[in-house]
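Here's the letter readout for the chains.
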Amino acid sequence: MDETPTLDDLREELLELASSARALVGWYEGTGAWGLPAEGDAEEALALLSPSRGGGSVDRGAPERRPAPAAAPQFRPPPGPAPAPAAPPPAARPVAEPAAAAPRPAPAPVPAPAPAPPRFPADRPQPVIAPARPAARGPVSAEERMHRLAMLADEVRGCTKCRLCQARTQTVFARGNPLSELCFVGDAPGAEEEATGEPFAGEPGALLDRMIVAMGYHRDDVYVCNLVKCRLPDGQKLRPDDIEACKPHLAEQLQLVSPRYIVTLGTVATQGLLGTTEPITKLRGTWKMYKGTPVMPTFHPAYVHRQPSAKREVWNDLQQVMARLGKAPPGKS
Ligand code: URA
Ligand code: SF4
């Protein structure tokens, strides 16, 4: 009997190989690493695997090389109810800059069996992931975050990236708890803030503190900072270039604090953080997103101070945040 494999045998074997390869690739795609087309037949996959990538025996012309899957799955928290604790997601959002992030295993050059089972079996549609926010604070320890925040504050102290450095006597970085679940963002420090070195030190600050207490926190439980870190001279307005220059500081600051929720105070802070020109009257009371963190815009305490009738709307906005944080006003728990 002739044991020599026929062309058909070889072809069948190759198709089987291709099919296994595709299953493996499907796993990689499911985990967001890399992949070949998940659709299409084995012949096409085989053609892609061939050194020439030219199609070989596939009789349909040279297949185009398909682009790799666009991006790894994003694990962003939805603006859905937050308080329910959940298991940490396998891929937490890094809290630090990529260079400083906790080391990740280097991708293996050759597909190898993973130590853990695949997150998404290749043959099932990917589930929508709702990550638990606390885990999204990332692998960086609280100590490390505090340390990096202190380094950032130091860097800001010497910053000369915009005109506001000229008249300042000191920068105003933040106040409150840097590990807080809740962060308030105002626009710019004024004279009182510059004198004390703390954001919201004046009359609007006293009102902000009352708002914080009404939410069931102590003033020092939450984190408070501004869009820009240098005093805005009296009578002047923040310019877009001031905001742009200081934005990387704020971005890093918020990434390190990694609050579960951000409340922006007033038009300038809200528009500056979210990069929108919509008026605060339209933005307030509606959930927005900043780099994966839900943001609740509300009126600025200085405005509320001048316009006490706005308290009702601010309270409404803050209550939405409290509901997500599972907070009750003092005495109502
Ligand atoms: N207004 C702000 O927006 N921030 C401050 O720190 C003070 C007043
Ligand atoms: Fe630097 Fe920000 Fe101060 Fe401008 S406002 S000088 S960007 S720290």
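Residues numbered from 1 in each chain as written. Chains lettered and ligands numbered in written order. Predicted model: local features only at pLDDT ≥ 70, side-chain atom pairs only at ≥ 80, totals over all residues. Heavy atoms only, no water.

J.: What is the right way to read the site of ligand 1 from this model?
T.: If you check the shell around ligand 1, you find Gly186, Asp187, Ala188, Pro189, Glu193, Pro199, Phe200, Asn226 and His300 and nothing else. In this structure, Ala188 approaches ligand 1 through a main-chain N or O atom, which is 3.2 Å from a nitrogen atom. The contact in question runs from an oxygen atom of ligand 1 to an N or O atom on the backbone of Phe200, over 2.9 Å. Look at ligand 1: alone it shows 240 Å² of surface, and the protein chains cover 91% of it. Residues belonging to the shell around ligand 1 are distributed by class as follows: four nonpolar, three polar and two charged. (Near = heavy atom within 4 Å. Polar contact = N/O pair within 3.5 Å; in protein donor to acceptor, adjacent residues only side chain to side chain. Areas by Shrake-Rupley, 256 points an atom, 1.4 Å probe, with all protein chains shown as cover. Nonpolar A, V, L, I, M, F, W, Y, C, P; charged D, E, K, R; others polar.)

J.: What should I look at first to understand the confidence of the model for the protein chain in this one?
T.: Detailed reading of predicted coordinates is not advised where the pLDDT is low. For the protein chain, mean pLDDT is 72; residues scoring 70 or higher make up 58% of the total. Across residues 19-136 the pLDDT falls below 50, and counting only partners more than four positions away or on other chains, this stretch makes 142 contacts in the model. (pLDDT = per-residue confidence, 0-100. Contact = heavy atoms within 4.5 Å.)

J.: I would appreciate a short explanation of the pairing of strand S6 (residues 293-298) in the present structure.
T.: Looking along a regular strand, one sees the side chains alternate between the two faces of the sheet. When you tally the buried positions in S6, you get six out of six residues, the bulk of the element. Here S6 shows a buried face lined by Thr293, Val295 and Pro297 and a second buried face lined by Pro294, Met296 and Thr298. Pairing geometry for strand S4 (residues 261-265) and S6, over four bridges, is parallel. Residue pairing in the sheet places Val263 in a bridge with Met296 of S6. Where strand S5 (residues 288-290) lies against S6, three bridges are found, and the strand directions are antiparallel. From the neighbouring strand, Tyr290 faces S6, where its bridge partner is Thr293. The turn linking S5 back onto S6 is made up of two residues, and Lys291 within it adopts a positive phi angle of 45 degrees. (Buried < 20%, exposed > 50% of the residue type's maximum accessible area, 1.4 Å probe, protein only. Helix = DSSP H or I, 4+ residues; strand = E, 2+ residues; numbered from the N terminus. Pairing = 2+ DSSP bridges.)

J.: Teacher, can you tell me more about the site of ligand 2 here?
T.: The immediate surroundings of ligand 2 are formed by Val156, Cys159, Lys161, Cys162, Cys165, Arg168, Val228, Lys229, Cys230, Ala245, Cys246 and His249. Broken down by element, the residue count for the shell around ligand 2 peaks at three residues, all from helix H6 (residues 240-257). Across the shell around ligand 2, the residue classes break down as eight nonpolar, one polar and three charged.

J.: Would you mind showing me how to read the pairing of strand S3 (residues 223-226) here?
T.: In S3, alternate side chains face the same way, and those of Tyr223 and Cys225 on one face and Val224 and Asn226 on the other are all buried. Where strand S1 (residues 174-176) meets S3, three bridges bridge the pair, whose relative direction is antiparallel. Bridging across to S3, Gly176 finds its partner in Tyr223. By the bridge criterion, four bridges tie strand S2 (residues 182-186) to S3 in an arrangement that is parallel. If you follow Gly186 over to S3, its bridge partner there is Asn226.

J.: Sorry if this is basic, but what is going on with the packing of H6 against helix H7 (residues 266-274) here?
T.: A pair of packed helices can be characterised by two numbers: the angle between their axes and the separation between those axes. Put simply, H6 and H7 touch, their axes get as near as 10 Å, and they point 80 degrees apart. Between H6 and H7, the interaxial angle falls into the category roughly perpendicular. Touching Ile243, Lys247, Leu250 and Leu254 of H6 are Val268, Gly272 and Leu273, all from H7. Residues that form the contact of H6 with H7 fall into these classes: five nonpolar, one polar and one charged. (Axes fitted to C-alpha atoms, helices over the stretch in contact; angles between N-to-C directions. Parallel < 35°, antiparallel > 145°, perpendicular 65-115°, else oblique.)

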